[in-house]
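Inside the fold
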Amino acid sequence: MANAVEKSCTMLVYNDKQASASEIKEALEGNDAAAKQAAMKKAVSLLLAGEQLPQLFITIVRYVLPSEDHTVQKLLLLYLEAIEKTDATGKLLPEMILICQNLRNNLQHPNEYIRGVTLRFLCRIKEEEILDPLIPSILSNLEHRHSYVRRNAVLAINSIYKLPKGELLLADAPETIDRLLRQEQDLSTRRNCLAMLTNNAVDRAIRYLLDSVDQLATWGDLLQLSALDLIRKACRTNPGEKGKFIKTILLLLQSPSPAVMYECAVTLTSLSSAPSAVRAAANCFCSLLSTHSDNNVKLIVLDRLQELKEKHREVMTDMVMDTLRALVSPSLDIRKKTLDISLELITSRNIDEVVSVLKKEVVKTQNKEYDKAGEYRQMLVQAIHSCAVKFPEVAGNVVHVLMDFLGDANTASALDVIFFVREIMETNVKLRPSVLERLHTIFYQIRSSRVVSCALWIMGEYCATTAEVLAALSTLKEALGTVPFLTDATEREEAATASSNAIATPPVTSSKRPAVLADGTYATQSAVAEVSSAGGATASGNAAGPNLRSLLLGGDFFLGGVIAGTFVKLLLRLSVLKDVPASQLNTLYAEAMQYVVAALRLGESAGSTPTPLDADSRDRMLLCLRVLAGQDTWANAVWLEDCRRAFSLLTTEKQKEANARNARDEARAAVQPDDLIDFQVLKNRKGLSQLEVEDEVTSDLARATGYAEAAAAASSRLNRVLQLTGLSDPVYAEAVVTVHQYDIVLDVTVTNRTNETMQALCLELATMGDLKLVERPQNYTLAPGDTKLIRANIKVSSTETGVIFGNIVYEGTGYSERSVVVLNDIHIDIMDYISPAYCADVQFRNMWAEFEWENKVAIATTFTDVAAFLQHIISTTNMKCLTPPSALEGECGYLAANLYAKSVFGEDALVNVSVEKTQPVVAVPGAVAGQDGGRLAGYIRIRSKTQGIALSLGDKITLMQKAPMTTAAA
């Protein structure tokens, strides 16, 4: 039925100078071949644009049919394919008989090109009245000397045989094609023959395949791909016979063609879940990764490996080293996907090999000619960090190598390294002395403020012995230089003082450089350096001077607070150790106070730095100054114990969360009490290959053929049924919406509820948003009470809420006009596109600063509890909360949390929820406030790289932030 109503898809072609039928007719009646070609092209374009040109048919029959020009003949066939050949009742138009003799002549033409294009044209003809007189000529072309004619003759026979009356027109077509297949030598013709038998006579195709197993290696890639199609169809039809094809598939795995290898591996995994089959397919995919140069192919192969990893993780753990070979690709997308797959396959057996490969890759990024070395290094550092979290014993092998990159110009990469070092210092006590020693050695290379702040925190927290504390203090002094911190404003005073002193001082030189202020304006930053007798600069504000001094002269007074806090921690710990004489300890305290006071004076000097001293940094440095002076001794426990304890709790929670994620990923479906138990020793292995024995033992037949997934899919399908019309409408329609990445499939069931036949019934749909229909609607005929399933495909281009609307139009007997039934709108929800995902806090903050689209939604809800409101937002938006549960505990009246999700298009959705409970308003003095304790207020901020997901998610939150009635009443 589908073939009978199928029509050529029309295309609207814009043409500002549209040719008229009279102009085309005049050109066709001439003798100029070029003019006829141009006229035929115009006629075909008009037909494809929806125009009907009935007046041209007789002209074309008279003047175009006799033409010997090959291009004109090809355009003629295109014209005949596009025109309407039947009337409204489906009967063949009488004038179509005129073309039958021309088609017969073309099928017997001495030129093989004319025969071939005519046979190809017949593949698009569905009218039996036209095809019936041409059958003998089509069959005779199977014996033509030229392979081009034979292969198109097979295609024509295949198309005719699939028609409703095809078996009557070509009763012995399978036998004829079978004989041709066994004696044919041309590869394309054999491929077409095997495809025809696969579609119409599977038994004959299987018999030929099994008879030719020994010659399978000599087949070309086209014929081998057709053989794989045959195997897939045969196993879907009869899953119990898949064992006979295993040998064929294993032979095809050795094919030199990458396309055959890929299809063969996919077929093998779809037919069997035996470990040996999965291992063979994974080996094939890994071979394609290392040998194929196309990045798109590599991404597709990695997707297949990802699927295998999810279903057969135990087998794939042995393939992790082969998968890592894809890191040689220069594409960052391929490298990232390779690392993501490999990190989920690491075990205690392969962790050393994986870390060794990652360490070698990190060393390679030191080459300045390496493309995108900074971004790739950041990926590798994050991967090594993940390995060290799962297996702490490997940290010692890589931490010293990674610390060489703390001074990297790529701040993101250096931050990942220092965060990794900080976590290792907390979790691995044995590595602390060596890491601290290495940190003191390379500290002067660090030029990033955030990295050096974290390094100072590490030194302040983990220096436990007297030697370590003294080494840290020495490192701090070298990085700060001498005091005071000189600038242009004080240079003249210092110079005047130096000239009046009896003791000679080294000369002072100044340097100036442009700096960008916080508001985006430019200013001149000046610094001085003392020149030693050797002529070298010892302290300056440029990159050549000590790193902490340079950053302070640049106006980074937050770092000044970190430096002051580090001095406090180190000296308090040194006081507790009591291994240093009191005089030396007093000297160290005085030096530390001198550095803190110098930083304060630098910030309070007008115009001394591009950025003025902020109040928070000033208060922190003053607090540290009071502690160093011995005034706030009550806070010593906070400095020495509470900071470390808070970080330890944070690290423990992160590890628990990581372990919980791994446990969820590795969770397997529970076995039902009434499931069958297979006893391997009782299996009859006679005549079975090793792969078949494994398949029997694992009892994966249902999963391999899709039976297990079918039941789950059927139950979920019932939950997606949408009613489109009312029960009292003459046409009842309901739809099942299936969203699969970039495609939306609508399965619309239409039922005729009247006692009359509905003719020319058509489902007309339109879309709003980034949705596009990809098919032209077809007309159907529905008998009384009959039901028809109509499928519509819609393409999605972005994560944006869309609407599908339309109507059903039909003609009934006795009606002069067409009847229209309007359908309910179908809203495509953004929740179908996004899924919860996890990302590190640093990655979240980086994306938050990078993304430019923000949607700010004010909170207006009937919820009165902040925790319940957060859980409601998480459940309705299908996002994951990145804020640890311990940070959300307690009842303080306010809450801030970060949510994250990822769309099927690879887009990131970031959400920050900031909510607080307001105090209840008491209108009359003495009146009692409401029992709800006040309403919730605040904002929900959404950020994304594209506008669509930010707006759609904001609309969803605005719609769903109201509390359900039961919750509000409670």
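Residues numbered from 1 in each chain as written. Predicted model: local features only at pLDDT ≥ 70, side-chain atom pairs only at ≥ 80, totals over all residues. Heavy atoms only, no water.

- As annotated in an unreviewed UniProt entry, the protein carries the name Coatomer subunit beta and comes from Volvox africanus.
- Taken directly from UniProt, the Subunit (unreviewed entry) text for the protein runs: "Oligomeric complex that consists of at least the alpha, beta, beta', gamma, delta, epsilon and zeta subunits." (UniProt positions renumbered as here; feature names shortened; annotations may be inferred.)

Regarding the overall build of the protein
- Each helix and strand in the protein was counted, giving 43 helices and 18 strands.
- When each of the 970 residues of the protein is scored for burial, the buried share is 45%.
- Counting only contacts in the protein whose residues sit at least 6 apart along the sequence, the fraction spanning at least 24 positions is 66%.
- Per element, the accessible surface of the protein, about 49300 Å² overall, is 52% carbon and sulfur. (Helix = DSSP H or I, 4+ residues; strand = E, 2+ residues; numbered from the N terminus. Buried < 20%, exposed > 50% of the residue type's maximum accessible area, 1.4 Å probe, protein only. Contact = heavy atoms within 4.5 Å. Areas by Shrake-Rupley, 256 points an atom, 1.4 Å probe, with all protein chains shown as cover.)

Focus: the pattern of salt bridges
- Taken as a whole and assessed by the stated rule, the structure comprises 30 salt bridges.
- Put simply, Lys337 and Asp303 hold a salt bridge, and the shortest N to O gap is 2.8 Å. Linking Lys337 in helix H22 (residues 332-343) with Asp303 in helix H19 (residues 295-311), this pair joins segments that are 34 residues apart in sequence.
- You can call Lys337 partly exposed: its relative accessible area is 28%.
- Residues joined in a network through salt bridges with shared partners are Glu175, Asp178, Arg182, Arg204 and Asp211. (Salt bridge = Lys/Arg side-chain N within 4 Å of Asp/Glu carboxyl O.)

Notes on the packing of aromatic side chains
- Following the criterion strictly, the structure yields 7 aromatic pairs and no others.
- A ring pair is formed by Phe567 and Tyr595, whose centres lie 5.9 Å apart and whose planes are at 10°; its orientation type is stacked. With Phe567 in helix H32 (residues 557-577) and Tyr595 in helix H33 (residues 582-604), the pair connects residues that are 28 residues apart, well separated along the chain.
- Geometrically, the ring pair formed by Phe863 and Phe869 is edge-to-face, given 6.0 Å between the ring centres and 65° between the ring planes. Phe869 matches Phe863 in its accessibility class, with the two residues each being buried.
- Put simply, the rings of Trp457, Tyr462 and Phe647 pair up and form one aromatic cluster.
- Taking NZ or CZ as reference, Arg335 lies 3.9 Å from the ring centre of Tyr376, over its face. (Phe/Tyr/Trp six-rings, centres within 6.5 Å; stacked < 30°, edge-to-face > 60°. Lys NZ or Arg CZ within 6 Å of the ring centre and 35° of its normal.)

Some words on the packing of helix H27 (residues 432-442) against helix H29 (residues 466-480)
- Between H27 and H29, the least distance of the axes is 10 Å, while the angle of their chain directions is 20°. As judged from the angle between their axes, H27 and H29 are roughly parallel. Of the two possible hands of crossing, H27 and H29 adopt the one that is left-handed. Facing Pro433, Leu436 and His440 of H27, the residues of H29 in contact are Glu468, Ala471, Ala472 and Thr475.
- Partitioned by chemical class, the residues of the contact of H27 with H29 number 4 nonpolar, 2 polar and 1 charged. (Axes fitted to C-alpha atoms, helices over the stretch in contact; angles between N-to-C directions. Parallel < 35°, antiparallel > 145°, perpendicular 65-115°, else oblique. Left-handed = near helix turned anticlockwise from the far one by under 90°. Nonpolar A, V, L, I, M, F, W, Y, C, P; charged D, E, K, R; others polar.)

Focus: unusual backbone geometry
- A cis amide bond links Val483 to the next residue, Pro484, at an omega of 0°.
- Even without being a glycine, Ala760 presents a positive backbone phi close to 50°.
- Within the secondary structure layout, Ala760 lies in strand S6 (residues 758-768).
- You will see that Asn878, though not glycine, has its phi angle at about 60°, which is positive.
- Structurally, Asn878 is set in the loop between helix H40 (866-877) and strand S15 (880-881).

Side note on the side chain of Glu907
- Mapped onto the elements, Glu907 comes out in the loop between strand S16 (894-903) and strand S17 (908-917).
- Buried Glu907, no salt bridge; nearest opposite-charge side chain is Lys945, N-O distance 9.4 Å.
- A distance of 3.0 Å separates a polar atom in the side chain of Glu907 from a polar atom in the side chain of Thr946. (Lys, Arg positive; Asp, Glu negative; His and termini not counted. Polar contact = N/O pair within 3.5 Å; in protein donor to acceptor, adjacent residues only side chain to side chain.)

Here we look at empty space enclosed by the protein
- Under the counting rule described, the total for this entry stands at 1 cavity of 30 Å³ or more.
- If you add up the space inside the largest cavity, you get close to 50 Å³.
- Around the largest cavity sit Leu480, Phe485, Leu552, Gly560, Ile563, Ala564, Tyr595, Val596, Ala599 and Met621, which together line it.
- The set of elements that each furnish at least two residues to the lining of the largest cavity consists of H32 and H33. (1 Å grid on protein atoms, 1.4 Å probe; cavity = no way out; pocket = protein on both sides within 12 Å on 5 of 7 lines; lining within 4 Å. Points joined across faces, edges and corners; volume = space filled by probe spheres on them.)

Side note on the sheet that holds strand S4 (residues 731-740)
- The 5 strands are arranged S3-S4-S5-S9-S7 in an open sheet whose pairing can be described as antiparallel. Two strands close off the open sheet at either side, each with one partner strand: strand S3 (721-723) and strand S7 (771-773). Neighbour-to-neighbour, the strand axes of this sheet turn through a mean angle of 30°, independent of strand direction.
- Across 9 bridges, the pairing between strand S5 (residues 743-752) and strand S9 (residues 787-796) is antiparallel. The residue bridging Val750 from the neighbouring strand is Lys788, located in S9. (Pairing = 2+ DSSP bridges.)

Regarding the pairing of strand S10 (residues 802-812)
- For S10, a buried count of 8 out of 11 residues is recorded, marking the element as mostly surrounded by other parts of the structure.
- Two strands pair when backbone bridges link them, and S6 and S10 are joined in this way by 9 bridges, in the antiparallel orientation. Among the inter-strand pairings, Met768 is bridged to a residue of S10, identified as Val803.
- Sheet analysis places S10 next to strand S12 (residues 826-828), joined by 3 bridges and oriented antiparallel. If you follow Val803 over to S12, its bridge partner there is His827.
- By the bridge criterion, 4 bridges tie S10 to strand S11 (residues 819-822) in an arrangement that is antiparallel. When the sheet's bridge partners are listed, Val809 is paired in S11 with Val820.

Observations regarding the environment of Asn296
- In this fold, Asn296 is placed in helix H19.
- By relative accessible area, Asn296 is classed as exposed at 53%.
- Distance from Asn296 to Ile334, taken between C-alpha atoms, is 9.2 Å for residues 38 residues apart in sequence.

Quick look at the nonpolar core
- Of all hydrophobic cores here, the largest spans 204 residues; its most connected members are Tyr79, Leu122 and Leu548.
- Ignoring sequence-local partners within four residues, the contact set of Leu122 consists of Leu103, Leu107, Leu131, Leu134, Ile138 and Ser159.
- Ranked by size, the runner-up nonpolar core spans 55 residues in total, among them Leu724, Ala792, Ile873 and Leu936. (Core = buried A, V, L, I, M, F, W, Y, C linked by side-chain atoms within 4.5 Å.)

A short note on helix H34 (residues 615-628)
- End to end, H34 covers 20 Å across 14 residues, agreeing with the expected 20 Å (1.5 Å per residue, within 8%).
- Buried within H34 are the following residues: Ser617, Met621, Cys624, Leu625, Val627 and Leu628. One side of H34 carries all its buried residues, which in axial view fall inside an arc of 160°. Turned more than 90 degrees off the buried face of H34, the exposed positions are Ala615 and Asp616. (Expected span 1.5 Å × (residues − 1). Arc of directions from axis to C-beta.)

So, the packing of helix H17 (residues 258-271) against helix H18 (residues 275-291)
- At a minimum axis distance of 9 Å, the contact between H17 and H18 shows a crossing angle of 155°. Accordingly, the angle class assigned to the pair H17 and H18 is roughly antiparallel. Note that H17 runs across H18; the crossing there is left-handed. For the pair H17 and H18, contact is made by Pro258, Met261, Tyr262, Ala265, Val266, Leu268 and Thr269 and by Ala277, Ala280, Ala281, Cys284, Phe285, Ser287 and Leu288, respectively.
- Here the residues of the contact of H17 with H18 are counted per class, giving 12 nonpolar, 2 polar and no charged.

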